[in-house]
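Descriptive structure summary
Listed below are the residues making up each chain.
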Amino acid sequence: MSETILEVNNLKKYFGVTNGVLKAVDNVSLSIQRGETFGLVGESGCGKSTLGRTIMRLYSATDGEVLFNGENVHQLKGGRLKQFNREMQMVFQDPYASLNPRMTVGDIIAEGIDIHRLYSGVKRRERVAELLHTVGLPEEHASRFPHEFSGGQRQRIGIARALAIKPQFIVADEPVSALDVSVQAQVINLFKRLQKENGLTYLFISHDLAMVKHIADRCGVMYLGALMEVAKASELYRKPLHPYTVALLSAIPIPDPEVERKRERVILEGDVPSPINPPPGCRFFARCPKAMPECQVNAPRLIAVETEHYVACHLYK
Amino acid sequence: MKNILEVKDLKVSFHTYAGEVQAVRGVSFELRKGEVLAIVGESGCGKSVTSQTIMRLIPSPPSIIKAGSIIFDETIDLVQLSLKEMESIRGSEIGMIFQDPMTSLNPTMTIGKQITEGLVKHQGLTQEKAQKQAIELLLLVGISRPETRIKQYPHEFSGGMRQRVMIAISLACRPKLLIADEPTTALDVTIQAQIIDLLKDLQDKIGSSIIIITHNLGVVADIAQRVAVMYAGKIVEQGTVDDIFYSAQHPYTWGLLHSILRLDDEEKSELVPIEGMPPDLLDPPLGCAFAARCPHALNICLKEDPQTQIIQDEHSMACWLMDKRVKVKIC
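Numbering of residues starts from 1 in each chain and follows the order in which that chain's sequence is written. To read the labels, note that chains go from A and ligands from 1, taken in the order they are written. In view of the model being predicted, local features appear only for residues whose pLDDT reaches at least 70, and side-chain atom pairs are presented and counted only at 80 or more, with totals across whole chains, interfaces and linings using the full set of residues. Note: side-chain values were computed over all heavy atoms of the structure, leaving out hydrogens and water.

Turning to the packing of helix 6 (residues 159-171) of chain B against helix 7 (residues 189-206) of chain B, a few remarks are in order. Residue and element names in this part refer to chain B. Angles shown run from 0 to 180 degrees and are taken between the N-to-C directions of axes, each axis being a line fitted to C-alpha atoms and, for helices, limited to the stretch in contact. Runs of H or I in DSSP of at least four residues are treated as helices and runs of E of at least two as strands, each being numbered from the N terminus. In contact at an axis separation of 10 Å, helix 6 and helix 7 are set at 20° when each is read in the N-to-C sense. By the angle class used here, helix 6 and helix 7 are roughly parallel. When you trace helix 6 past helix 7, the crossing you get is right-handed. For the pair formed by helix 6 and helix 7, the contact residues are Gly 160, Gln 163, Arg 164, Ile 167 and Leu 171 on the first element and Ile 191, Gln 194, Ile 195, Leu 198, Leu 199, Leu 202 and Ile 206 on the second. Side-chain classes follow a simple rule in which Ala, Val, Leu, Ile, Met, Phe, Trp, Tyr, Cys and Pro form the nonpolar group, Asp, Glu, Lys and Arg form the charged group, and the remainder, Gly included, forms the polar group. Partitioned by chemical class, the residues of the contact of helix 6 with helix 7 number eight nonpolar, three polar and one charged. Should an angle fall under 35 degrees it is called roughly parallel, over 145 degrees roughly antiparallel, and 65 to 115 degrees roughly perpendicular, with every other angle called oblique. Crossing chirality is assigned from the near helix's rotation relative to the far helix, an anticlockwise turn below a right angle marking it left-handed and a clockwise turn marking it right-handed. Note on contacts: a residue pair qualifies if any of its non-hydrogen atoms lie within 4.5 Å across the two residues.

Right, dumping it as structure tokens:
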């Protein structure tokens, strides 16, 4: 029986900017089951990273709630907050900027252990060695500094750091986009193995749809701060409903010349509009090939069209 | 078919404090008129150094062209040209599109000025005439309201629009050869699709010969006619797109094709990564550079570098598995 580990209800995160309000995350609701991988995809600036960070409470929410194991994350204080910080960890995008160049790898990995006073002395050293081993690095590397490592190895260090305090939930924000393809595959396989071994739940944020399809059980598509479609990963790719999802999938070239020669593309006109003071109505209206007059006035709500297939579009009512 | 570009045994090194980095170690390829050639490979394989050497954009020192020739348009050896002579070719005969549209435009100049710069310098047009051409170029690359847009600065354009401006600049003097170094890597997929479409369209309309450098095999399948796969400063396999995608022969090409994900895969197959890392080009290995990561490596691979051999027509590769004396066939 699946059990909900994370529930996001009408979450909003606005940033005040000089010429208005930037609605980075606007009224997003979703739930994630224990042990699954939820993939979040979208183009740059769609708010997927902000959503991940607001869920982790790296940003405070403007409105709405994030329930982790039934507790409202944004109202936690003192010991409960510290406990929450242990249970949810993050792996960052840029393996070059997210490791402190002045700390040894051992100290980077053990920082969480030190903060939460889990181990010290020999025990701490053993735990660091064990973690390095888990992510496929030799334990002697604990005394080295980040600049001595390649991008793929650094990302492994970032993963070891996230695992150090035995979290239940990991937010992985574009964890492989800075890596070469052959190395991407190594890190993705590591993510999958760790999930199996430790029963982890992932929120996997990426702009690479093929990657998300491969790793995620369920998938959400974001556009300009709003969730457009949520479905099982396989279902979303087989039968995309939202016009934006259709266009997004169609834009990705398939590494197969035969397929490419035959394929007809839906090419979207124009760019993603600015999220500052967005107009009322559907966010995708200006670029949508199937836009109707209603779309300009009312923003569609995310509704279930089929079992476990949600879409926010006036075409489906 | 005439060759617009012939690169023969090109070797480029960099002198650093740590020693000599052999970034390009003997690269040979040709580009025919009107053809799109893709150079693929992972970071550090020398694909950008190769393209920048064709443009003679890498300052010397620290770089030196150690050997080889780059014959452009059948007569001119770009390696032998002085920097002054190169200036008359760069931008007028050969155009270049860079990876990062955010940093490759000058933020203090209007985009009109940046497009007309080459026209005034190379073709001696008056500012007025150049301006008119700039407007036509912007229309060609799909920018609406070009009359107002040419007076604007780069920060007023989005990433995809800036890349269109870059393409307009590189096309301004109708170059015979266009080099695009990762032209879509910094862009979102929907914008990438627009730019690739634009490049294909331009190739049809103007018949430009294009070298596209990329690590995205999807883009390669979409746009290229021929492909060169680079690894550790060498071309390990070369052929038509069909040769490379359907009958690849080099273990590194196999590895690349297996480690990418396809959106149209029905089931979730296990990803097969290439284990290990590329060699350090400060001290390249004696034998084949891929031998240390190659699941099919033989003893000879560690000792001697394989020669490039022709497999069929345009399909060639450098691997000991091709040698007649190798009995085992892996495919």
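Residues and elements named next belong to chain B. Domain annotation for chain B reports domain 1 (3-224) and domain 2 (253-331). What marks off one domain from the next here is an automatic or database domain assignment. Inter-centroid distance (C-alpha atoms) of domain 1 to domain 2 is 30 Å. The interface of domain 1 with domain 2 comprises twelve residues on the first partner and nine residues on the second. For any pair of parts, buried area is found by adding up, for both, the accessible area (1.4 Å probe) each one loses once the two are put together. Taken over both partners, the interface formed by domain 1 and domain 2 buries close to 930 Å², and the fraction arising from carbon and sulfur atoms is 62%. Together, Arg 25, Glu 42 and Leu 217 form the three largest contributors to the area buried by domain 1 at its contact with domain 2, with a combined 48%. One speaks of a salt bridge when a side-chain nitrogen belonging to Lys or Arg is within 4 Å of a carboxyl oxygen belonging to Asp or Glu. Scanning the region where domain 1 abuts domain 2 turns up one salt bridge. Where Arg 32 meets Glu 314, a salt bridge forms, and the shortest distance between an N and an O atom there is 3.6 Å. Any N or O atom pair separated by 3.5 Å or less is treated as a polar contact, with the protein-specific requirement of one donor-capable and one acceptor-capable atom, and with residues adjacent in sequence counted only for side-chain atom pairs. In this assembly, domain 1 and domain 2 are joined by one residue pair in polar contact (both at pLDDT 80 or more). Sort the elements by how many residues they give to the side of domain 1 that touches domain 2 and strand 2 (residues 19-32) lands first, with seven residues. In terms of residue class, the side of domain 1 that touches domain 2 is built from four nonpolar, four polar and four charged.

Before going further, it helps to spend a moment on the sheet that holds strand 10 (residues 234-240) of chain B. All names here are of chain B. The strand order 6-7-8-3-9-10-12-11 describes an open sheet built from eight strands, whose pairing is mixed. Two strands close off the open sheet at either side, each with one partner strand: strand 6 (94-97) and strand 11 (308-312). On average, adjacent strands in this sheet sit at an angle of 20° to one another, irrespective of strand direction. Of the pairings in the sheet, the one linking strand 10 to strand 12 (residues 315-318) comprises two bridges and is antiparallel in character. The residue bridging Gln 238 from the neighbouring strand is Ser 316, located in strand 12. Lying on the sheet, helix 6 is in contact with strand 6 and strand 7 (177-181); it crosses strand 6 at an angle near 170°. Along the sheet, helix 10 (residues 251-259) contacts strand 9 (226-231) and strand 10; its crossing angle with strand 9, the most-contacted strand, is approximately 100°. Strand pairing is defined by DSSP finding a minimum of two bridges between the two strands.

Glancing now at the environment of B:Tyr153. Residues and elements named next belong to chain B. Structurally, Tyr 153 can be placed in the loop between helix 5 (146-149) and helix 6. Residue Tyr 153 is classed as partly exposed on the basis of its relative accessible area, which comes to 32%. Tyr 153 sits 41 residues away from Gly 112 along the chain, and the two C-alpha atoms are 8.6 Å apart. What Tyr 153 contacts, discounting residues up to four positions off in sequence, is Pro 107, Thr 108, Met 109, Thr 110 and Ile 111. The classification of residues rests on relative accessible area computed with a 1.4 Å probe and restricted to protein chains. Under 20% of the type maximum is buried, over 50% is exposed, and intermediate values are partly exposed.

Summed over all chains, the structure comprises 32 salt bridges over all chains. One salt bridge connects A:Glu71 with A:Arg80, and the closest N-O pair in it is separated by 2.2 Å. With a relative accessible area of 28%, A:Glu71 lands in the partly exposed category. Assessed through its relative accessible area of 38%, A:Arg80 is described here as partly exposed. As a salt-bridge pair, B:Arg325 and B:Asp323 come within 2.9 Å of each other at their nearest N and O atoms. Residues joined by salt bridges that share partners form a network here, namely A:Glu260, A:Arg263, A:Arg265, B:Lys200 and B:Asp222.

All names here are of chain A. Where helix 3 (residues 105-115) contacts helix 5 (residues 151-163), the axes come no closer than 7 Å and their chain directions differ by 30°. Regarding the angle of helix 3 to helix 5, the classification is roughly parallel. Listed contacts from helix 5 to Val 105, Ile 108 and Ile 109 of helix 3 are Ile 157, Ala 160 and Arg 161. Grouping the constituent residues of the contact of helix 3 with helix 5 by class yields five nonpolar, no polar and one charged.

For the rest of this paragraph, the subject is the pairing of strand 7 (residues 169-173) of chain A. Residues and elements named next belong to chain A. Of all five residues making up strand 7, five are buried, and the element is well covered by its neighbours. Pairing between strand 6 (residues 88-91) and strand 7: four bridges, direction parallel. Each bridged residue has a counterpart across the sheet, and for Met 90 the counterpart in strand 7 is Val 171. Strand direction decides the pairing type here: strand 7 and strand 8 (residues 201-206), joined by five bridges, are parallel. In the strand pairing of strand 8, Asp 173 is matched with Ile 205.

Interfaces are frequently sized by the accessible area removed from exposure as the parts join. With 41 residues of chain A at the interface, the matching set in chain B holds 41 residues. Both sides together, the interface formed by chain A and chain B hides about 3700 Å², and carbon and sulfur atoms give 56% of it. When the buried surface of chain A facing chain B is broken down by residue, A:Val181, A:His214 and A:Pro255 rank first, second and third, together holding 16% of it. Taken together, the connections running from chain A to chain B amount to three salt bridges. Ionic pairing is found between A:Asp256 and B:Arg262, a salt bridge with its closest N-O pair at 3.3 Å. Applying the counting rule to chain A against chain B returns twelve residue pairs in polar contact (both at pLDDT 80 or more). Elements represented by at least two residues in the side of chain A that touches chain B include exactly helix 6 (181-198), helix 7 (209-215), helix 8 (233-238), helix 9 (243-251) and helix 10 (257-262) of chain A. Partitioning the side of chain A that touches chain B into residue classes produces 20 nonpolar, eight polar and 13 charged.

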